[in-house]
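Single-letter residue listing:
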Amino acid sequence: MEHTAYTAPPTASAKGGIRRLEWITVTVGIFIHTGAVFPLLMQGADGILDDAERAKLRLLYLPIYALSFALLAARPGLLIKAGLRNIPMLLLLMLPVLSSLWSISPALSLRRSVALVLSMGVAFLLATRFTPRQQIIVIGTAIGAALVLSLGAGIAWPSLAFTPEDGTMRGVFFNKNVFGWMSVLLIIAGIAARHDMAAGLRRAGTGMVVLGWTGCLLSTSMTSFFAGVAAVGFSQAVVMIARRRGIVRLVFQFGIILGLVLLCVLFILGFVPLLEALGRDVTFTGRTPLWGMLDTEIAQHPVLGQGYGAFWSPGNLTMWEIWETLGWEPPHAHNGYRDVLLGTGVVGLALFALVTLRAIHQTIALTVTAPRDGWLWCIVLILSVLVMNLTESNMLMQNDIIWILFSTAVLTGSYNHAEARRSKPHFMRVAASAT
């Protein structure tokens, strides 16, 4: 028998105008943070965004910051409650700010860490004022619109939708990788929607999945493709776990986790031969030489790192030396785990691991309790982002839609997991923990 977990929908006393403003703020905020349309329109004739153009793009975030925190300030109790229910997440967000004290570029670390905190306004607003089902609708609307525009641009404006260098499709995004990432996010939202109790949302979920896979394949991004495949596998595993009860669930859960680990090992061992068979670059497009150089730098400041975002700054001579050696200019490590280590060291990575493991436990528990209430979206997103960051960098990034949605899933889980436990008598909580 399925149960409905306690969620945190808007209060009945909320004014209609404020509620509409919340929906508009998060929907527009997500669309802007995807990086759709505006970077392409503001790029120079050389197809590159210089510092002045990037500064103009950052101005787009300011109204979203202001509206998000203004709406949160209207109900400070919800914001405080969300923070107190996930202290590890608060510590993880504060560490980049503190890193400016030991950073190799203190001013840059402080500026980027402030942007990180401000961009969390959308995540906290989504987590405290929107149920998982409502989050799916918001994300499907915002990212779905960006992908529809991308496909339309491919037909009506191919010179914009296809990159001039290699002819790969990027849609209305700055490059094909971002196009692929957004497609994966839509696939995840669609998978969760397809398991919803409402027939209308299930039908919309099918459309999201089809649109997402269309964009993913057209982007030709291998990272996005494997993340999409992983999302499908994760969703099936979680659904299978949710259908079991008692000790059978525990055994089944252990078996699925062990199977996923073995598949990952086989994937890693067979990935290079697979790339060779597909005619792909076995160095992950130059990533493996980059990672080797970065590991040396990480070892020099292993505990606290070199300061949040400071390594990838014009004032860091080591970055220029790496660029010269490689013959190309990576803007980040192309590996989220290494970027966390570069910025905040083992302390930052340990905090991230704690936040993630706690979120996985909480969101699986909520999915098991109410499998048709949208919780599948949260757990599959968290697991898929872990896969994405094997070859890309989205973890703990300021103004990054993937990190914002990852944080949303984490905060939604911790916020509602506590409510679900409080809503049960003590003996029921003990029984639930045993199963």
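Residues numbered from 1 in each chain as written. Predicted model: local features only at pLDDT ≥ 70, side-chain atom pairs only at ≥ 80, totals over all residues. Heavy atoms only, no water.

### Describing a nonpolar patch on the surface
As a reminder of what qualifies: Residues enter a patch when their relative accessible area is above 30% and they make no salt bridge; the linking distance is 9 Å between like charges and 5 Å between nonpolar side chains (Val, Leu, Ile, Met, Phe, Trp, Tyr). Here the Shrake-Rupley method, with its probe set to 1.4 Å, supplies the accessible areas, and only the displayed protein chains count as covering residues. Only one rule defines a salt bridge in this text: a Lys or Arg side-chain nitrogen within 4 Å of an Asp or Glu carboxyl oxygen. Helix and strand definitions follow DSSP, with helices as H or I runs of at least four residues and strands as E runs of at least two, each counted in order from the N terminus. Using a 1.4 Å probe on the protein chains alone, a residue whose accessible area is under 20% of its type maximum counts as buried, one over 50% counts as exposed, and one in between counts as partly exposed.
Judged by side-chain polarity, Ile-80, Leu-84, Ile-87, Leu-90 and Leu-91 come together as a nonpolar surface patch covering roughly 450 Å² of accessible area. For the nonpolar patch, the secondary structure elements donating two or more residues are helix H5 (76-84) and helix H6 (87-98). For the nonpolar patch, the element with the most residues is H6, which contributes three residues. When you line up the elements, Ile-80 lands in helix H5. Given the relative accessible area of 51%, Ile-80 is considered exposed.

### Let's talk about helix H1 (residues 16-33)
Convention followed: Under the convention used throughout, the expected extent of a helix is 1.5 Å for every residue step, that is, one less than its residue count.
Helix length check: H1 (18 residues) gives 26 Å between terminal C-alpha atoms against 26 Å at 1.5 Å per residue, within 8%. Those residues of H1 not exposed but buried are Arg-19, Glu-22, Thr-25, Val-26, Thr-27, Gly-29, Ile-30, Phe-31, Ile-32 and His-33. The positive-phi residue at the C-terminal boundary of H1 is Gly-35, with phi of around 85°.

### A few points about the confidence of the model for the protein
Where we set the bar: Values of pLDDT, ranging from 0 to 100, describe the predictor's confidence in every residue of the model. Contacts are residue-level and defined by heavy atoms, with any inter-residue pair within 4.5 Å sufficient.
In the predicted model, the protein carries a mean pLDDT of 85, and the fraction of residues at 70 or more is 82%. Across the protein, H6 holds the top mean pLDDT of 97, while helix H19 (residues 426-434) sits lowest at 35. The low-confidence segment residues 1-8 (pLDDT under 50) makes 28 contacts with residues lying over four places distant or belonging to another chain. Segment residues 425-435 is flagged for pLDDT under 50; beyond a separation of four residues in sequence, or across chains, it makes eight contacts in the model.

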